[in-house]
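Spelled out, the chains give:
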Amino acid sequence: MTGHRPTERPRERQRLRPRDISAYRSGNTGTPYVFQFDSANPGPHAAIVALIHGNELCGAAALDTLLSLGVRPTCGKLSLIFANVLAYETFDPIRPFAARYLDEDMNRVWSAEILSGAGDSREVARAREVAPLLADVDFLLDLHSTSSPAPAMILAGQQPKGVALARATGSPAHVVTDAGHAAGPRLRDFAAFNDPNASPSALLVECGEHFSPTSEDVALDVAIRFLMGTKTLAAVPRGVIKSTKTPTQKYIDVTEAVTIRSEKFAFARKFRCFETIPKAATIIGHDGVVPVVTPYDNCILVMPATHFAPGQTAVRLGRHIPWPNA
Ligand SMILES: [Zn+2]
């Protein structure tokens, strides 16, 4: 394992457990679990968000490390945000997926319509608290993990500026563009982040499987690279091992998401992630009686789901294309 990681942490291999983050409750912005640091030097406002999903522990670990090391921006401003802490606090290793959210998925509520609407879930309430703090963010990194083992990947959104931020960050290797989910807008697609005529950009990074210890290393590595790539940090912080290896990034353009329509969805076989299906019209699964087929040759399967429910994304389909010009 290469990458930025704390120098002192024992290399235990057991499954990740949530860290106690209660010391961060008061934050320093007036909003619980939200920190903002101003370098007083000109530069961008970079934000790192963890725990949009309460059972995705790696992002909380990365923010805990940055805060406990006292990392401060060299230029511009840095915001560190623990999002759905209420869900995180319910984490139970016996039911480790239950803490994803309390009332609704917090990564499907990020539109002005939803935030100003009548919804009163605990996730929407928290998003309403956090949203004003994101108004002047130039670069956002949203740290996540996956329910199944999958290589780490950047979801860069639909705009070339997202791809440019992915390349400036430099890792992980797989850079995926996609339009999100039919079920609702993600934080990374919120407001200016998905506006081709506005400069703010955002990345969602999947750091590996939820409870894999390496996801914690990936999250911290990506966070440091993001802060250096955006010129927020001039150097690797003291107390962190300098990364030695930057991967060759590959760019996958997701052309469609397969949204589940029936109560009975099943894949034709077990897929992990990034399998390439050589031939168009290959049946990869069935949604009820309707076959799900690949739309073109060399179709890449991105993040196949392991649990299926109508309205949810079963898999995204994509292909390798040249890097776009930002
Ligand atoms: Zn997530």
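About the thresholds
- Residues numbered from 1 in each chain as written.
- Predicted model: local features only at pLDDT ≥ 70, side-chain atom pairs only at ≥ 80, totals over all residues.
- Heavy atoms only, no water.
- Axes fitted to C-alpha atoms, helices over the stretch in contact; angles between N-to-C directions.
- Helix = DSSP H or I, 4+ residues; strand = E, 2+ residues; numbered from the N terminus.
- Parallel < 35°, antiparallel > 145°, perpendicular 65-115°, else oblique.
- Contact = heavy atoms within 4.5 Å.
- Nonpolar A, V, L, I, M, F, W, Y, C, P; charged D, E, K, R; others polar.
- Donors = N, O, S within 2.8 Å, 3.2 Å for Na, K, Ca; no water.
- Tetrahedral: all angles 85-135°; square planar, octahedral: opposite > 155°, others 65-115°.
- Buried < 20%, exposed > 50% of the residue type's maximum accessible area, 1.4 Å probe, protein only.
- 1 Å grid on protein atoms, 1.4 Å probe; cavity = no way out; pocket = protein on both sides within 12 Å on 5 of 7 lines; lining within 4 Å.
- Points joined across faces, edges and corners; volume = space filled by probe spheres on them.

## Here we look at the packing of helix H5 (residues 160–169) against helix H6 (residues 213–229)
Here H5 crosses H6 at 110 degrees, and the two axes come no closer than 8 Å. The angle between H5 and H6 places the two elements in the roughly perpendicular class. When H5 is examined against H6, the residues Leu165, Ala168 and Thr169 are found in contact with a partner set consisting of Val222, Arg225, Phe226 and Gly229. Of the residues contributing to the contact of H5 with H6, the split by class is four nonpolar, two polar and one charged.

## Observations concerning the coordination of the zinc ion
Bound to the zinc ion are the protein donor atoms His53 (ND1), Glu56 (OE), Glu56 (OE) and His144 (ND1), situated 2.0 to 2.5 Å from the metal. Considering all four donor atoms around the zinc ion, angles at the metal cover 57 to 146 degrees and the coordination shape is irregular. In primary-sequence terms, the residues that donate to the zinc ion follow H-x2-E-x87-H. Residue His53 shares its accessibility class with Glu56, and that shared class is buried.

## With respect to the layout of surface pockets
In this structure, the largest pocket spans a volume of roughly 890 Å³. Elements with a minimum of two residues in the lining of the largest pocket: strand E5 (139–146), strand E8 (201–209) and strand E16 (313–320). When residues in the lining of the largest pocket are grouped by element, the largest group, three residues, is from E5. When grouped by side-chain class, the residues that make up the lining of the largest pocket number 12 nonpolar, 14 polar and eight charged.

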